[in-house]
Amino acid sequence: GTFGRDMDLLSSEANRYVLDNGLTVLVKEVYPTSVVSVSVWARVGSLDEREEQAGLSHFLEHMLFKGTPRRPVGRIAQEVHALGGYLNGFTSYDCTCYWIVVPARCFKTALDIEADAILHPLLDPAEVSREARVVLEELKMYEDRPESYCHQQLMRTAFTTHRYGRPIIGYEDVITRLTVDDLADHYARYYPPNNLCVTVVGDVVAASAVAEVEKALGHLSSRPLTRLPSPVEPPQAAPRRLDLEGNIASAHLQLGFHVPGIFHSDIYACDVLASVLGEGRSSRLYRRLRERDASVSRIHASIFAEREPGMLIINAALDPHNMEKARLAVFEEIERVASEGVEERELQKARNMVEASYVYSQETVEGLGRKLGYHEMIGDHTLADRYVDSLYRVCADDVVEAARRYLGPQQANTVTYRPRGCALPEGHD
């Protein structure tokens, strides 16, 4: 690659195998380490759900580690903890992941537990209704956090038809209605081996790790897959704005601008642009709004880059009386990038920050496994390496072009969230 550091953590050294039944296996040998991370990935997430099933993939993720005929409820977690390991799962727009990290000598046991959990889930009606309450609590927790509530409203505002506009966790009325049959159908449809990937990262020998995975999961039969692609989001022609009030202490301002997906060549310039604008204390928005104007207490910019077109998001926490001043200042700073350009040192710093977070995310076997598996799920496990490589090719003109193309005021989605009863300043439209 073109980067000047000693990058020995790159995913290019991962071994990728596809078993006869279509199951993908990714193995990365990492030494010296005494641990191994074993994850099973299913290519199914909230993007695969029709409106009336919103939250089904996430609910199923909650059910899969509950229990099996061999391991009653609670036993899976107990066994993993007894090995000195830990386990968890998550659901995203594109995929669902179940992972276990254990001491390397316990690899076979971890794989046995994973295979049992994935292959033989007990979808017990009593457990389903119990778990529905857990998921509803989680949903409520998100809605009670002003920043995540605001983010969800921003997604809904920006994505009017695409499924990114829906929360991954789903909706209360759907969650309370889901039945064992719904879960079983979703499982049957999306969990055949040709829709799964196992990633093994740590102190293992690739060939024998693959042989073990083959023993555990190679006997499964593949099935044809049918997908329900998300409706495409139409281009945004005019700015959108949503003003909210709630029982909150300080106010929040979030702006979102449509950007392309992770496989589009413009995404690298958008990532560097987000970093120049709002990552770290020397970023433009921080220096202007936090240090110079003192109009925000926090401000940050980042990109939501997935397989399908995503967003560049700017979010700030602030005193509600500074809302309009802060909002206008953000647009001024974007306009300054578009008209005056960026300096080489800003670019270099932005590249370094993005690369640092990339390297940092790979410092653990769990982080590595997550990066490999996730990129495999959205289409290509080697993407992670090429991503940093491509960032280094972004020049000042690319960043200016990205600001002009994607961050125009007409393309903005704005959400403001203020304490209830807080008067809006004069001149507010």
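Preceding this paragraph is the structure being described.
**Student:** Which parts of the structure should I look at to understand the nonpolar core?
**Tutor:** Generally speaking, soluble globular proteins have nonpolar side chains that are buried together. Membership of the largest hydrophobic core comes to 68 residues, with the highest contact counts inside it found for Leu273, Ile299 and Ile314. Considering every element that reaches this core, the biggest residue donor is helix α9 (residues 267-278), with nine residues. Residue contacts for Leu273: discarding those within four places in its chain leaves Leu312, Val337, Val399, Ala402, Ala403 and Leu407. One finds Phe65, Ile76, Val174 and Tyr187 within the second-largest nonpolar core, a separate group that totals 53 residues.

**Student:** I would appreciate a short explanation of the sheet that holds strand β1 (residues 15-18) in the present structure.
**Tutor:** Pairing between sheet strands relies on hydrogen bonds along the backbone, with the strands arranged either parallel or antiparallel. In space, the six strands of this open sheet follow the order β1-β2-β6-β3-β5-β4, with mixed pairing throughout. If you trace the sheet from one side to the other, it starts and ends with β1 and β4 (86-91), each paired once. Recorded for the sheet is a direction-independent mean angle of 15 degrees between the axes of neighbouring strands. In the sheet, strand β3 (residues 35-42) pairs with strand β6 (residues 196-202) via seven bridges, with the strands oriented antiparallel. Pairing of Trp41 across the sheet is with Cys197, part of β6. Against the sheet, helix α3 (residues 107-119) contacts β3, β5 (96-103) and β6, and its axis sits at roughly 155 degrees relative to β5.

**Student:** What is the right way to read the packing of aromatic side chains from this model?
**Tutor:** In this description, a pair of aromatic rings is defined by centroid distance and the angle of the planes. The final tally for this structure, using the stated rule, is twelve aromatic pairs. Relative to Trp99, the ring of Tyr86 lies with its centre 5.8 Å away and its plane at 90 degrees, an arrangement referred to as edge-to-face. Here Tyr86 is found in strand β4, whereas its partner Trp99 is found in strand β5, with 13 residues between them in sequence. The buried category is assigned to Trp99, whose relative accessible area is 9%.

**Student:** I would appreciate a short explanation of the packing of α9 against helix α14 (residues 383-391) in the present structure.
**Tutor:** Each pair of packed helices can be described by the angle between their axes along with the distance between the axes. One can describe the packing of α9 onto α14 by two numbers: an axis separation of 9 Å at closest approach and a directional angle of 70 degrees. Between α9 and α14, the interaxial angle falls into the category roughly perpendicular. Every pair of crossing elements has a handedness; the one defined by α9 and α14 is right-handed. Judged by residue contacts, Ile267, Tyr268, Asp271 and Val272 of α9 engage Tyr387, Ser390 and Leu391 from α14. Residues that form the contact of α9 with α14 fall into these classes: five nonpolar, one polar and one charged.

**Student:** Help me understand the pattern of salt bridges in this model?
**Tutor:** Pairs can form between side chains of opposite charge once their charged atoms are near each other. For the structure on display, the rule yields 34 salt bridges. Asp266 serves as the salt-bridge partner of Arg405, at 2.6 Å between the closest nitrogen and oxygen. Of this pair, Arg405 sits in helix α15 (residues 396-406) while Asp266 sits in the loop between β8 (251-259) and α9; the two residues are 139 residues apart in sequence, bridging distant segments of the chain. The class for Arg405 is partly exposed, based on a relative accessible area of 41%. You can call Asp266 buried: its relative accessible area is 18%. By sharing partners, the salt bridges in this structure join Arg288, Arg292, Asp293, Glu332, Glu333, Arg336 and Glu340 into a single network.

**Student:** What am I meant to see in the side chain of Ser390 here?
**Tutor:** With respect to the helices, strands and loops of the structure, Ser390 is situated in helix α14. Under the relative-accessibility criterion, Ser390 is labelled buried at 15%. Within the structure, Ser390 has its side chain in polar contact with the backbone oxygen of Arg386 (distance 2.8 Å).

**Student:** Would you explain the environment of Asp203 in this entry?
**Tutor:** The topology assignment puts Asp203 in the loop between β6 and α8 (206-217). Measuring from C-alpha to C-alpha, the distance between Asp203 and Val30 comes to 5.5 Å, with 173 residues separating the pair along the chain. When residues no more than four places from it in sequence are discounted, the contact partners of Asp203 are Val30, Tyr31, Thr33, Val35 and Ala104.

**Student:** For this particular structure, what's the right way to read α9?
**Tutor:** Its twelve residues place the ends of α9 16 Å apart at the C-alpha level, agreeing with the 16 Å of an ideal helix rising 1.5 Å per residue. With twelve of twelve residues buried, α9 lies mostly within the body of the structure. Residues of α9 that are buried: Ile267, Tyr268, Ala269, Cys270, Asp271, Val272, Leu273, Ala274, Ser275, Val276, Leu277 and Gly278. Note on α9: the residue one or two positions beyond its end, Gly280, has a positive phi of about 90 degrees.

**Student:** Looking at this model, I keep getting lost on unusual backbone geometry. Mind explaining?
**Tutor:** Peptide bonds are mostly trans, and most non-glycine residues show a negative phi. We note that Ala294 has phi near 50 degrees; this positive angle belongs to a residue other than glycine. Position of Ala294 relative to the elements: it lies in the loop between α10 (284-292) and β9 (298-304).

**Student:** Explanation requested: the sheet that holds strand β7 (residues 240-246) in the structure shown.
**Tutor:** Pairing within the open sheet is mixed, and its five strands lie in the order β7-β11-β8-β10-β9. Since the sheet does not close on itself, it has two edges, and those belong to β7 and β9, each with one partner. Taken pair by pair, the neighbouring strands of this sheet meet at an average axis angle of 15 degrees, ignoring direction. In terms of strand pairing, β8 meets strand β10 (residues 310-318) through nine bridges, oriented antiparallel. Bridging across to β10, Gln254 finds its partner in Asn315. Against the sheet, α9 contacts β8, β9 and β10, and its axis sits at roughly 175 degrees relative to β9.

**Student:** Just to check I follow, could you spell out the state of the cysteines for this structure?
**Tutor:** Any covalent bond linking the sulfur atoms of two cysteines counts as a disulfide. This model, assessed by the stated rule, comprises zero disulfides. Here Cys197 stays free of any disulfide, with the sulfur of Cys97 as its closest cysteine sulfur at 9.4 Å.

Conventions adopted
- Residues numbered from 1 in each chain as written.
- Predicted model: local features only at pLDDT ≥ 70, side-chain atom pairs only at ≥ 80, totals over all residues.
- Heavy atoms only, no water.
- Core = buried A, V, L, I, M, F, W, Y, C linked by side-chain atoms within 4.5 Å.
- Buried < 20%, exposed > 50% of the residue type's maximum accessible area, 1.4 Å probe, protein only.
- Helix = DSSP H or I, 4+ residues; strand = E, 2+ residues; numbered from the N terminus.
- Contact = heavy atoms within 4.5 Å.
- Pairing = 2+ DSSP bridges.
- Axes fitted to C-alpha atoms, helices over the stretch in contact; angles between N-to-C directions.
- Phe/Tyr/Trp six-rings, centres within 6.5 Å; stacked < 30°, edge-to-face > 60°.
- Parallel < 35°, antiparallel > 145°, perpendicular 65-115°, else oblique.
- Left-handed = near helix turned anticlockwise from the far one by under 90°.
- Nonpolar A, V, L, I, M, F, W, Y, C, P; charged D, E, K, R; others polar.
- Salt bridge = Lys/Arg side-chain N within 4 Å of Asp/Glu carboxyl O.
- Polar contact = N/O pair within 3.5 Å; in protein donor to acceptor, adjacent residues only side chain to side chain.
- Expected span 1.5 Å × (residues − 1).
- Disulfide = S-S within 2.5 Å.

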